Amino acid sequence: MVATGKGASQGVLIKGGNALEKAHKVAMVAFDKTGTLTMGKPVVVSAVLFSGFSMVEFCNVTVAAEANSEHPIAKSIVEHAKKLSQKHGSFAKHLEEAKDFQVHPGEGVSGKINDKIVLVGNKRLMLAYSVPISHEAEDYITETEKLARTCVLVAIDGKVAGAFAVTDPVKPEAGRVISFLHSMGISSIMVTGDNWATAIAIARELGIKKVFAETDPLGKAEKIKELQMKGTTVAMVGDGINDSPALVAADVGMAIGAGTDVAIEAADIVLIKSNVEDVITAIDLSRKTMSRIR
Ligand code: ADP
Ligand code: MG
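Residues numbered from 1 in each chain as written. Chains lettered and ligands numbered in written order. Predicted model: local features only at pLDDT ≥ 70, side-chain atom pairs only at ≥ 80, totals over all residues.

Counted only if it meets this: UniProt positions are given in the numbering used here, feature names are shortened, and annotations may be inferred rather than shown by experiment.
The name given to the chain in an unreviewed UniProt entry is Copper-transporting ATPase HMA5, and the organism recorded there is Nepenthes gracilis. As stated in UniProt under Sequence similarities (unreviewed entry), the record for the chain gives "Belongs to the cation transport ATPase (P-type) (TC 3.A.3) family. Type IB subfamily." Among the UniProt annotations of the chain, the heading Subcellular location (unreviewed entry) holds the following wording: "Membrane".

The following block contains the structure:
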């Protein structure tokens, strides 16, 4: 109890002795990407409108669909789309509310706006709704991902109307933490819902050698279980609803920072400062406590 008290004063909340005990055995840390290794404050760097659609409609449906989403990508897109529509005419004053709004974790959002079905998200979401990806959209996706950016597509009534390129810089301490873990004999991997090209570019920047990309929330948990079957004690660090199954599956689930309540509930340890360095603080605290007990 003294150790958990000490953790709390450092912004590391450990839920009970079991978590504290398990953390000292961790041999591998699996990191979510967005909001965990990256700032989680994505910025739209470009947008494209495909032929046959109006810029104002494209922007307005995007804002209406994303307005209800908690995802950091949604916030940046709403902000950008609002500015864009003001530049290209007028922003709808009475914005239609999205009906049947739905969150698709790891994929995007959907809703009905002015009786049109609107999807905002990645290729997987488009596939799930059988929306074909046009050649011009495909080219934009390739170009975006080559630059380690995330491409967000917007479909209106079954057709891709436009897209956004989003960049999310890595947290300044992330690279340092990865190399310190390696020096402690702890390996690192990335499990992300984002696309392979973006994920690999960011993993390379941070020195993470193993990547699992384009995984849905249950896929993340499956990856953790596969690693555990090899006898490895695995910690998972994540911030979102999409990380909850993996946080539960891991030997030690760590929810990072200002993440969602769902993630915090699913975790064994909460790193309230959103600082990746606290992964080391937690493991360190556990190692010290366990050696004192023995
Ligand atoms: P990570 O696993 O890296 O934290 P997520 O699983 O939260 O990422 O999201 C994976 C991908 O799903 C994002 O990169 C994005 O393409 C898409 N996505 C998720 N939510 C949204 C949203 N609200 N709007 C647009 N795209 C989204
Ligand atoms: Mg995340």
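**Focus: the overall build of the chain**
Cut-off, in case you're wondering: Only DSSP runs of H or I with at least four residues qualify as helices, and only runs of E with at least two residues qualify as strands; both kinds are numbered from the N terminus onward. As a reference, a globule follows 2.2 Å times the number of residues to the power 0.38, and the radius of gyration itself is taken over C-alpha atoms. Our contact criterion uses C-beta atoms placed from the backbone: two residues qualify when those atoms are within 7 Å.
When helices and strands are tallied, the chain shows 12 helices and 13 strands. For the chain, whose C-alpha radius of gyration is 20 Å, the value lies close to the compact-globule estimate of 19 Å for 294 residues. Here the C-alpha coordinates of the chain stretch approximately 70 × 35 × 30 Å along the principal axes. A fraction of 60% describes how many contacts in the chain between residues 6 or more apart in sequence connect residues 24 or more apart.

**Structural notes on helix 7 (residues 174–183)**
For clarity, the cut-off: Whether a residue is buried, exposed or partly exposed follows from its count of other C-beta atoms within 10 Å of its own C-beta, namely 20 or more, 12 or fewer, or something in between, respectively; the C-beta atoms are built from the backbone. Arc, as used here, means the arc of the directions from the helix axis to the C-beta atoms.
Those residues of helix 7 not exposed but buried are Ala 174, Val 177, Ile 178 and Leu 181. Buried positions in helix 7, seen along its axis, are confined to an arc of 100 degrees and lie on one side of it. Turned more than 90 degrees from where helix 7 packs its buried face, Ser 179 and Ser 183 sit exposed. The elements touched by buried residues of helix 7 are strand 2 (28–31), strand 9 (187–191), helix 8 (196–206) and helix 12 (278–293). Of the residues one or two after helix 7, Gly 185 is the one with positive phi, at around 85 degrees.

**Some points on the site of ligand 1**
Put simply, the rule is: Contact assignment follows one rule, namely that a residue is near a molecule or strand if its backbone-placed C-beta atom lies within 6 Å of it. Three classes are used: nonpolar for Ala, Val, Leu, Ile, Met, Phe, Trp, Tyr, Cys and Pro, charged for Asp, Glu, Lys and Arg, and polar for all others, with Gly counted as polar. Residue ranges labeled as domains rest on an automatic or database domain assignment.
The local shell around ligand 1 holds 23 residues, among which Thr 34, His 71, Gly 106, Asn 122 and Gly 193 are the closest. Within the residue set of the shell around ligand 1, elements represented by two or more residues are helix 4 (72–87), strand 5 (108–113), strand 6 (116–121) and strand 7 (150–156). For the shell around ligand 1, the residue count by class is five nonpolar, 13 polar and five charged. Viewed by domain, the shell around ligand 1 spans two of them, domain 1 (2–39 + 169–293) and domain 2 (43–167), each represented by three or more residues.

**Some remarks on helix 3 (residues 55–66)**
Rules: Multiplying 1.5 Å by the helix residue count minus one yields the expected span of that helix.
The terminal C-alpha atoms of helix 3, which comprises 12 residues, lie 16 Å apart, in line with the 16 Å expected from a rise of 1.5 Å per residue. Judged by how many residues are buried, helix 3 sits mostly within the fold: nine of 12 residues are covered. Buried residues along helix 3 sit in contact with strand 3 (43–49), helix 4, strand 5, strand 6, strand 7 and strand 8 (159–167).

**Side note on the environment of Lys 15**
Turning to its location among the elements, Lys 15 is positioned in the loop between strand 1 (12–14) and helix 2 (17–22). Considered as a pair, Lys 15 and Val 270 are 255 residues apart in the sequence and their alpha carbons are 8.1 Å apart. Residue contacts for Lys 15: discarding those within four places in its chain leaves Asp 268 and Ile 269.

**A closer look at the pairing of strand 11 (residues 234–238)**
Counted only if it meets this: What makes two strands pair is DSSP finding at least two bridges between them. With the strands aimed away from the viewer, a crossover counts as right-handed if its path from the first strand over the helix to the second runs clockwise.
Taking burial as the measure, the five residues of strand 11 include five buried ones, the bulk of the element. Residues Val 234, Met 236 and Gly 238 point to one face of strand 11 and Ala 235 and Val 237 to the other, with burial holding for every one of them. Bridge analysis of strand 2 against strand 11 gives four bridges, and the strand direction is parallel. Note on strand 11: the bridge partner recorded for Phe 31 is Val 237. With four bridges joining them, strand 11 and strand 12 (residues 252–256) adopt parallel strand pairing. Within strand 12, the residue paired with Ala 235 across the bridge is Val 252. Once you follow strand 11 into helix 10 (residues 244–249) and on to strand 12, the crossover reads as right-handed.

**Concerning the sheet that holds strand 6**
How we decide: Helix axes are fitted to C-alpha atoms over the stretch in contact, other axes to C-alpha atoms as well, and angles between N-to-C directions run from 0 to 180 degrees.
The sheet built from six strands is open, its strands ordered 3-8-7-6-5-4 with antiparallel pairing. Of all strands in the sheet, those with a lone pairing partner are strand 3 and strand 4 (99–104), marking the two edges. On average, adjacent strands in this sheet sit at an angle of 15 degrees to one another, irrespective of strand direction. Of the strands in this sheet, strand 3, strand 5, strand 6, strand 7 and strand 8 touch helix 3, which is tilted by about 115 degrees from strand 5.

**A look at the nonpolar core**
Rules: Joining buried Ala, Val, Leu, Ile, Met, Phe, Trp, Tyr and Cys residues through C-beta atoms within 7 Å gives a set, and that set is a nonpolar core.
One finds Ala 235, Met 236, Ala 250, Met 254 and Ile 269 to be the most contacted residues of the largest nonpolar core, which totals 48 residues. Setting aside its immediate chain neighbours within four residues, Met 254 contacts Ala 235, Met 236, Val 237, Ala 267, Ile 269, Leu 271, Val 279 and Ala 282. Counting 38 residues, the second-largest nonpolar core is a separate cluster that includes Ile 73, Val 118, Met 126 and Ala 137.

**Side note on the sheet that holds strand 9**
In a beta sheet, neighbouring strands pair by backbone hydrogen bonds and run either parallel or antiparallel. Ordered by their spatial adjacency, seven strands build an open sheet running 1-13-12-11-2-9-10, and the pairing between neighbours is mixed. Because the sheet does not close on itself, it has two edges, and the strands there are strand 1 and strand 10 (210–212). Neighbouring strand axes in the sheet, compared pairwise and without regard to direction, differ in orientation by 20 degrees on average. Taken together, the three bridges between strand 9 and strand 10 define a ladder with parallel strand orientation. Paired with Val 191 across the two strands is Phe 212, which belongs to strand 10.

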